[in-house]
Number of protein chains: 2
Amino acid sequence: MSPADDSTPRGARARARIEVTAAIKDEARRQLAVDGAAKLSLRAVARELGMVSSALYRYFPSRDDLLTALIIDAYNSLGESAEAAHRKTAGAAPAQRWVAVCEAVRGWALGNPHEYALIYGSPVPGYSAPEATVPAASRVGLLLIGITREAYQGRGLAKPRLPAELRPEAERMTADLAPDLPPETVTTLVAAWAQLYGLIGFELFGQFKRVVEDRATFFRHAVGQLAHGVGLVHGE
Amino acid sequence: MSPADDSTPRGARARARIEVTAAIKDEARRQLAVDGAAKLSLRAVARELGMVSSALYRYFPSRDDLLTALIIDAYNSLGESAEAAHRKTAGAAPAQRWVAVCEAVRGWALGNPHEYALIYGSPVPGYSAPEATVPAASRVGLLLIGITREAYQGRGLAKPRLPAELRPEAERMTADLAPDLPPETVTTLVAAWAQLYGLIGFELFGQFKRVVEDRATFFRHAVGQLAHGVGLVHGE
DNA sequence: TACAAAAAGAGAGCACTGCTCTTGCTTTGG
DNA sequence: CCAAAGCAAGAGCAGTGCTCTCTTTTTGTA
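The residue count restarts for each chain, going from 1 along the sequence in the order it is written. Here every chain gets a letter starting at A, and every ligand a number starting at 1, in the order they are written. A pLDDT threshold of at least 70 governs which residues receive local features in this predicted model, and a stricter bar of 80 or more applies before side-chain atom pairs are shown or counted, although totals over entire chains, interfaces and linings include all residues. Think of the side-chain values as coming from all heavy atoms in the structure, minus any hydrogens and water.

### Side note on the overall build of chain A
Line of reasoning, step 1. The helix and strand inventory of chain A stands at eleven helices and zero strands.
Line of reasoning, step 2. Listed N to C, the secondary structure of chain A is α-α-α-α-α-α-α-α-α-α-α in terms of helices and strands.
Line of reasoning, step 3. Expressed as lengths along the three principal axes of its C-alpha atoms, the size of chain A is roughly 65 × 50 × 35 Å.
Line of reasoning, step 4. Per-residue burial for chain A yields a buried fraction of 50% across its 236 residues.
Line of reasoning, step 5. Carbon together with sulfur atoms contributes 52% to the accessible area of chain A, which is approximately 11300 Å² in total.
Line of reasoning, step 6. Counting rule for charge: Lys and Arg are taken as positive, Asp and Glu as negative, and neither His nor the chain ends is counted. To locate a charge, the coordinates of NZ of Lys, CZ of Arg, CG of Asp or CD of Glu are taken. For chain A, the centre of its 27 positive side-chain charges and the centre of its 26 negative side-chain charges are spaced 4 Å apart. The numbering of helices and of strands both runs from the N terminus, where a helix is a DSSP run of H or I of at least 4 residues and a strand a run of E of at least 2. Working definition: with a 1.4 Å probe on protein chains only, accessible area under 20% of the residue-type maximum means buried, over 50% means exposed, and in between means partly exposed. Methods summary: accessible areas were calculated by the Shrake-Rupley approach with a probe of 1.4 Å, and residue burial reflects only the protein chains presented.

See below:
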């Protein structure tokens, strides 16, 4: 995760530290998958690893620091799933790539519900994500921007309307996120990005219970509509 | 909250029980607003109320039961805010009512972030919402259905396209939720419902930090687009 | 190579949590 | 009137995050 400044760890101790750190995170991830973030216990992790709880604080100075490490890993794991779907659809139409990436995000979420809740559910109280999580957290968003850019550079796309009151904000966002795209598109894109997580969250957290049954099909259709809204669909 | 079967409590003891129960919930809500659900402590609540912790278990058999009561209250509080906005816009165009209700939901969420997180964030681990929460949880959804119905009965509305693979599910949802509306509309409506919470959740949980600044304007536009997608906007 | 410094583990302990059980006291209803 | 039910209080259990001290082990360097 951290950049490998010197790929040769200075000694046996440094190597051991890396291994123990990884072991702690692995065991913590295991407990996370079973019981969720709120029940993750440092003492239980240490117990399972055969070490005493106070020794664990040599590796993570607090429970929140462990959680932060897990959050960054989760963002990266999710990002890799999404990027894999993106790669696999190279050459396909932008709308299809969009749907594929969205489905990869959904699939990862369904497969790792507690990790998903950790990063996109309510943040752990009193905990605000440190700056270190930003790059990992951006990966999916960048992917969606990339797909849109590809479509735009390919043949342009239908711009949604933009009310005058939103234009300043739209131009600010555009300058920050994708200066080569029209503000109308960037605005819709950001909304679609948030809406994607609404769809996934409702499914994952049980709001669709007794409402939506064929959730995969429903999701595919909904994110297809999102792609349409962004302007990725030309034909028909 | 609970239906007043006999509005005259049988005696002084019953009255006291109601009052103590309310006091516990109030204090718990106070702590919830400050520290969030995970740090809500029965002992702290009891302490603040001048009672010993074990006495609290006469009123709520467990921490989860207290949380469930708070969840139902939160759903109802949110529902009332939304319904107030709905009433206040009686006679207005459906799209305007839609936006007003969505803004009421957002306003309530921003004003009660921890309560919002309690009901729409990641569910408390190992905790699945009991059936008792269903009616309270449905109020906002019913409102959105009502607005759409009003628009439909008024002058009909533009139906979005519906792919064949989704038609069975769309018809099932329609039969369950609003048999008098076209399946195309119901499907889009359910998606919009989830997407609304995506928009609010991203704002509330910090995902829009350094991305969207003028969030009120952005939100108004985004939910206006949702209304458009459902078919509530006729003109222009 | 000897040695001080840094890193790591072990254990005890503090203040807190949810929850249970027992012991008394008070209100209630037959 | 009096047993029964409801309620409060206190002690106690097992667990938590975290800190502090003490000892051992591994370092980089004089």
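### Some thoughts on the packing of helix 1 (residues 12–35) of chain A against helix 4 (residues 63–88) of chain A
When two helices pack together, their arrangement is given by the angle between the helix axes and by the axis-to-axis distance.
Residues and elements named next belong to chain A.
Line of reasoning, step 1. In the contact formed by helix 1 and helix 4, the axes pass within 10 Å of each other and the chain directions differ by 80 degrees. With respect to their mutual orientation, helix 1 and helix 4 come out roughly perpendicular. Every residue of helix 4 that contacts helix 1 at Ile24, Lys25, Ala28, Arg29 and Leu32 is listed here: Leu66, Ala69, Leu70 and Asp73. Helix axes are fitted to C-alpha atoms over the stretch in contact, other axes to C-alpha atoms as well, and angles between N-to-C directions run from 0 to 180 degrees. Comment on the angle field: the value is read as roughly parallel under 35 degrees, roughly antiparallel over 145, roughly perpendicular from 65 to 115, and oblique elsewhere. Between two residues, a contact is recorded if the distance between any of their heavy atoms is within 4.5 Å.

### Regarding the pattern of salt bridges
Line of reasoning, step 1. A pair is scored as a salt bridge if a Lys or Arg side-chain nitrogen falls within 4 Å of a carboxyl oxygen belonging to Asp or Glu. Tallied over the full model, the rule gives 26 salt bridges over all chains.
Line of reasoning, step 2. Put simply, Glu103(A) and Arg220(A) hold a salt bridge, and the shortest N to O gap is 3.1 Å. Taken together, the residues Glu103(A) in helix 5 (residues 94–111) and Arg220(A) in helix 11 (residues 215–230) connect sequence positions 117 residues apart.
Line of reasoning, step 3. In this structure Glu103(A) comes out as partly exposed when scored by relative accessible area, which is 28%.
Line of reasoning, step 4. Given the relative accessible area of 35%, Arg220(A) is considered partly exposed.
Line of reasoning, step 5. A salt bridge links Asp180(B) to Arg149(B), with the shortest nitrogen-to-oxygen separation between them at 2.5 Å. Of this pair, Asp180(B) sits in the loop between helix 9 (167–177) and helix 10 (183–204) while Arg149(B) sits in helix 8 (residues 139–155), placing them 31 residues apart in sequence.
Line of reasoning, step 6. A relative accessible area of 34% means that Asp180(B) is categorised as partly exposed.
Line of reasoning, step 7. For Arg149(B), a relative accessible area of 25% corresponds to the partly exposed category.
Line of reasoning, step 8. Connected via shared salt-bridge partners are Lys25(A), Asp26(A), Arg29(A) and Asp73(A).

### Topic: the protein's contact with DNA strand C
Line of reasoning, step 1. Neighbouring residues of DNA strand C: 23 residues in total, closest Ser54(A), Leu42(B), Arg43(B), Arg47(B) and Arg63(B).
Line of reasoning, step 2. Looking at DNA strand C alone, sugar and phosphate atoms form 50% of those within 4 Å of the protein.
Line of reasoning, step 3. Residue Leu40(B) places a main-chain N or O atom 3.3 Å away from a phosphate oxygen belonging to DNA strand C.
Line of reasoning, step 4. Any N or O atom pair separated by 3.5 Å or less is treated as a polar contact, with the protein-specific requirement of one donor-capable and one acceptor-capable atom, and with residues adjacent in sequence counted only for side-chain atom pairs. One of the backbone N or O atoms of Arg63(B) is found 2.8 Å from a phosphate oxygen in DNA strand C.
Line of reasoning, step 5. Counting residues per element, the surface near DNA strand C draws most heavily on helix 2 (residues 42–48) of chain B, at three residues.
Line of reasoning, step 6. Tallied by class, the residues present in the surface near DNA strand C amount to eight nonpolar, six polar and nine charged. Residues are counted as near a molecule or strand when any one of their heavy atoms sits within 4 Å of it. Three classes are used: nonpolar for Ala, Val, Leu, Ile, Met, Phe, Trp, Tyr, Cys and Pro, charged for Asp, Glu, Lys and Arg, and polar for all others, with Gly counted as polar.

### Details of the nonpolar core
Line of reasoning, step 1. By size, the foremost hydrophobic cluster in this structure holds 146 residues, and its most contacted members are Trp98(A), Tyr197(A), Trp98(B) and Tyr197(B).
Line of reasoning, step 2. The residues contacting Trp98(A), other than those within four sequence positions of it, are Leu144(A), Ile147(A), Thr148(A), Leu189(A), Ala192(A), Val223(A), Leu226(A), Ala227(A), Val230(A) and Leu232(A). To define a nonpolar core, start from buried Ala, Val, Leu, Ile, Met, Phe, Trp, Tyr and Cys residues and group those joined through side-chain atoms within 4.5 Å.

### Details of the packing of aromatic side chains
Line of reasoning, step 1. Only Phe, Tyr and Trp rings take part, Trp by its six-membered ring, and two of them pair if their centres are within 6.5 Å. Stacked means planes under 30 degrees apart, edge-to-face means over 60, and tilted covers everything else. Evaluated as defined, the whole model comprises 20 aromatic pairs over all chains.
Line of reasoning, step 2. Their ring planes at 40 degrees and their centres at 6.3 Å tell us that Phe208(A) and Trp193(B) sit as a pair that is tilted. Here Phe208(A) is found in the loop between helix 10 (183–204) and helix 11, whereas its partner Trp193(B) is found in helix 10 on a different chain. Accessibility classification places Phe208(A) together with Trp193(B) in one group, the buried group.
Line of reasoning, step 3. By way of ring pairs, the aromatic residues Tyr75(A), Tyr116(A), Tyr120(A), Trp193(A), Tyr197(A), Phe202(B), Phe208(B) and Phe218(B) are connected into one cluster.

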